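Observations on the model geometry
The chain contents come next:
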Amino acid sequence: MTTYGTNPTSSNDLAPKLEYITRGINQHKRSGLATRRPWKQMLDLGSFNFPRKLATVITRVKANTVYFQTNYTIVVLFSVFLSLIWNPFSLLILLALLGAWLFLYFLRDEPLAVFDREIDHRIVLIVMSVLTLSILFLTDAKLNIAVAIVAGATAVLSHAAVRKTEDLYQNNEETSLLNP
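Criteria and thresholds
For every chain, the first residue of the written sequence is number 1, and numbering continues from 1 along that sequence. In view of the model being predicted, local features appear only for residues whose pLDDT reaches at least 70, and side-chain atom pairs are presented and counted only at 80 or more, with totals across whole chains, interfaces and linings using the full set of residues. Each side-chain value is worked out from all heavy atoms of the structure, with water and hydrogens disregarded. Put simply, DSSP H or I for four residues or longer makes a helix, DSSP E for two residues or longer makes a strand, and each gets a number counted from the N terminus. Buried residues are those whose accessible area, probed at 1.4 Å on protein chains only, stays under 20% of the maximum for their type, while exposed residues exceed 50% and partly exposed ones sit between those limits. Note on areas: Shrake-Rupley, 1.4 Å probe, and residue coverage restricted to the protein chains presented here. Between N or O atoms, a polar contact is any pair within 3.5 Å; within protein, one atom must be a potential hydrogen donor and the other a potential acceptor, and residues adjacent in sequence are included only when both atoms are from side chains. Residues are treated as being in contact if the distance between any of their heavy atoms lies within 4.5 Å. UniProt positions are given in the numbering used here, feature names are shortened, and annotations may be inferred rather than shown by experiment. Between the first and last residue of a helix there are one fewer steps than residues, each counted as 1.5 Å, and that sum is the expected span. The arc in question is the one spanned by the directions pointing from the helix axis to the C-beta atoms. We call Phe, Tyr and Trp rings a pair once their centres come within 6.5 Å, taking the six-membered ring for Trp, and we label the pair stacked below 30 degrees between planes, edge-to-face above 60, and tilted otherwise. Nine residue types can take part in a nonpolar core, namely buried Ala, Val, Leu, Ile, Met, Phe, Trp, Tyr and Cys, and a core is a set of them joined through side-chain atoms within 4.5 Å. What makes a patch is a set of residues exposed beyond 30% relative accessible area and free of salt bridges, joined within 9 Å when like-charged and within 5 Å when nonpolar (Val, Leu, Ile, Met, Phe, Trp, Tyr). The working definition used for a salt bridge is a side-chain nitrogen of Lys or Arg within 4 Å of a carboxyl oxygen of Asp or Glu.

1. Things to note about the overall build of the chain
Check the secondary structure of the chain and you find eight helices and two strands. Going from N to C terminus, the chain has its helices and strands arranged as α-α-α-α-α-β-β-α-α-α. Counting the 180 residues in the chain, one finds 27% classified as buried. About 12,800 Å² of surface is accessible on the chain, with carbon and sulfur atoms providing 66% of the total.

2. Considering the side chain of Gln69
Summarising the element assignment, Gln69 is placed in helix H4 (residues 69-83). A polar side-chain atom of Gln69 sits 3.1 Å from a polar atom in the side chain of His121. Apart from the residues within four sequence positions on either side, Gln69 is in contact with Asn64, Tyr105 and His121.

3. So, the UniProt feature "transmembrane region" (unreviewed entry) in the chain
In the numbering adopted here, UniProt assigns the feature "transmembrane region" (unreviewed entry) to residues 66-85, 91-107, 119-139 and 145-162. Summarising residues 66-85: 85% helix, 0% strand, and an end-to-end C-alpha distance of 30 Å.

4. So, helix H3 (residues 54-67)
The terminal C-alpha atoms of H3 lie 20 Å apart, and with 14 residues this matches the ideal 20 Å at 1.5 Å per residue to within 8%. Every buried residue of H3 is listed here: Arg60, Val61, Asn64 and Tyr67. Projected onto a plane normal to the axis of H3, the buried residues spread over an arc of 140 degrees and lie on a single side. Facing away from the buried side of H3 by more than 90 degrees, the exposed set consists of Leu54, Ala55, Lys62 and Val66.

5. A few points about the packing of aromatic side chains
The full count for this structure, using the stated rule, is four aromatic pairs. With centroids separated by 4.9 Å and ring planes inclined at 90 degrees, the aromatic side chains of Tyr67 and Phe68 adopt a geometry described as edge-to-face. Using a relative accessible area of 1% as the deciding quantity, one classes Tyr67 as buried. Measuring from ring centre to ring centre gives 5.8 Å for Trp101 and Tyr105, while their planes differ by 85 degrees; the resulting arrangement is edge-to-face. Separated by four residues within a single helix, Trp101 and Tyr105 lie in helix H5 (residues 88-106), roughly one turn from each other. For the pair shown, Trp101 and Tyr105 are each scored as buried. Cluster of aromatic residues (ring-pair linked, three or more members): Tyr67, Phe68 and Tyr72.

6. Quick word on the nonpolar core
Judged by nonpolar contacts, Val80, Leu84, Leu91, Ile93, Leu94, Leu97, Leu136, Ala141, Ile145 and Ala148 together constitute the single largest core of ten residues. Among the elements of the structure, H5 and helix H7 (142-162) are those that each provide at least two residues to this core. Ranked by the residues each element gives to this core, the list is headed by H5, at four residues. With residues up to four places along the chain from it excluded, the contact list for Ile145 reads Ser83, Leu84, Leu133, Leu136, Phe137 and Thr139. By size, the runner-up hydrophobic cluster in this structure holds nine residues, among which are Tyr67, Phe68, Tyr72 and Ala161.

7. What to know about H7
Under the 1.5 Å per step criterion, the end-to-end length of H7 is 30 Å for 21 residues, consistent within 8% with the ideal 30 Å. Contact partners of the buried residues in H7: helix H2 (39-42), H3, H4 and helix H6 (121-137).

8. Here we look at a nonpolar patch on the surface
Residues Phe78, Leu82, Ile85 and Trp86 make up a contiguous nonpolar surface patch of roughly 490 Å² in combined accessible area. Structurally, Phe78 is set in helix H4.

9. Comments concerning the environment of Ala153
As for its position among the elements, Ala153 is in helix H7. Judged by relative accessible area, Ala153 falls into the partly exposed class, the value being 31%. Separated by 81 residues in the primary sequence, Ala153 and Tyr72 have C-alpha atoms spaced 8.5 Å apart.

Okay, structure coming up:
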């Protein structure tokens, strides 16, 4: 005998709903973090060499910052996170800002629209960076944050300068051929 309007009592009735939710989260995560490059590719030791000319350094920095922009953002945010471990109030604020970063930048599968106008992802990156820095500088951890940003930016620029760019888009073409 079936009774309509009652709550499900067995865990088997909830399984399809939970599967739908977790599948949606996994798909959202995959599509939103699609611009993050594999760390293995980023840290491939065979792709590093010291350039001999300043023009090569500038070209590499431009190409690598575009290609690895999400990875580099993660590196700088992680550097700030590490600097705030000893300042719990600032760390809580950073975690709240990290949630905003995830929602507005990392996990978006479509462009952000405000008043029916699409906002470019670079504008979102700049605004979120300025907002994050502004809010964190209002806390007591100004020196920690400044040192962490300089350290993160130094690491990013160093990597971008010595990472060769010849193989960047070649790996993308290989993976797109394997996954049509």
